[in-house]
Amino acid sequence: MNSEPPKAPLGIFPSSWSEQRAGRIPGNIPIWVGILSELNEFGIFFVAYFIAKYHYPEAFSQGPQSVSTLAGVTNTLILLLSSYFIAKAMINIRLDNRAKCEVYLWLTLAA
């Protein structure tokens, strides 16, 4: 790790954005690489989507009629519910409440 003090600010950003006032940036390099990789991946998918929609508008106009709205809503609700349960499990494990954490993990698996 680099133990050098932060360099002097350039003066182009507000002082509240300085490293001295902000403290340590959360996470570590692999976490930020993963986040940036996900952002790039989604960016590429959106570009591909809009290119395909531009070149094949008839396929995109027929697509919504062949998709089940109920299946999409159900899938979204399951994903939201399981995300909620895993977040509650994390909160309880940080509070050293193992029993509640296990309950929320089982609920996550059930969802």
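Computed from a predicted model, the values in this text were never measured in an experiment.

Draft legend 1. The overall build of the chain, seen in detail. Within the chain, the secondary structure is distributed over five helices and zero strands. Along the chain, helices and strands appear, N-terminal first, in the series α-α-α-α-α. In the chain, which comprises 111 residues, the proportion classed as buried is 7%. As presented, the chain carries roughly 10100 Å² of accessible surface, and 68% of it is formed by carbon and sulfur atoms.

Draft legend 2. A look at helix H4 (residues 69-94). In this model, H4 (26 residues) spans 38 Å end to end at C-alpha, consistent with the 38 Å of a helix rising 1.5 Å per residue. Where H4 is concerned, the buried positions are Ser82, Phe85, Ala89 and Asn92. Residues of H4 that are buried make contact with helix H5 (98-110). Positive phi shows up at Asp96, right after H4, with a value of about 60°.

Draft legend 3. Focus on the packing of aromatic side chains. In total, this model carries four aromatic pairs according to the counting rule given. Each ring, one from Tyr49 and one from Phe50, has its centre 5.1 Å from the other, and the planes form 75°; the classification is edge-to-face. With a relative accessible area of 35%, Tyr49 lands in the partly exposed category. Between the aromatic rings of Tyr84 and Phe85, the centroid separation amounts to 5.8 Å while the plane-to-plane angle is 55°, which identifies the pairing as tilted. Under the relative-accessibility criterion, Tyr84 is labelled partly exposed at 45%. In textbook terms, an aromatic cluster arises when at least three aromatic residues are bridged by ring pairs, as seen for Tyr49, Phe50 and Phe60.

Draft legend 4. Local environment of H5. Over its 13 residues, H5 extends 18 Å from the first C-alpha to the last, a length consistent with the 18 Å expected when each residue adds 1.5 Å. By the burial criterion, the buried members of H5 are Cys101, Tyr104 and Thr108. Looking down the long axis of H5, one finds its buried residues gathered within 65° of arc, a one-sided arrangement. Relative to its buried face, H5 has exposed residues pointing more than 90 degrees away, namely Ala99, Trp106, Leu109 and Ala110.

Criteria and thresholds
The numbers attached to residues start from 1 for each chain and follow its sequence in the written order. Residues qualify for local features only when their pLDDT is at least 70, as the model is predicted, and side-chain atom pairs are given and counted only at 80 or more; totals for whole chains, interfaces and linings, by contrast, use all residues. For the side-chain quantities, the full set of heavy atoms in the structure was used; hydrogens and water were omitted. Think of it this way: any DSSP run of H or I at least four residues long counts as a helix, any run of E at least two long counts as a strand, and we number them from the N terminus. Each residue gets one of three labels from its accessible area relative to the maximum for its type: buried under 20%, exposed over 50%, partly exposed in between, using a 1.4 Å probe on protein chains only. Surface accessibility follows the Shrake-Rupley procedure with a 1.4 Å probe radius. Residue values consider only the protein chains on display as shielding. Helix span is expected to be 1.5 Å times the residue number reduced by one. Whether two residues are in contact is decided by their heavy atoms, any of which lying within 4.5 Å being enough. Stacked, tilted and edge-to-face pairs are distinguished by plane angle, under 30 degrees for stacked and over 60 for edge-to-face with tilted covering the rest, among Phe, Tyr and Trp rings (Trp via its six-membered ring) whose centres lie within 6.5 Å. This arc corresponds to the set of directions leading from the helix axis out to the C-beta atoms.

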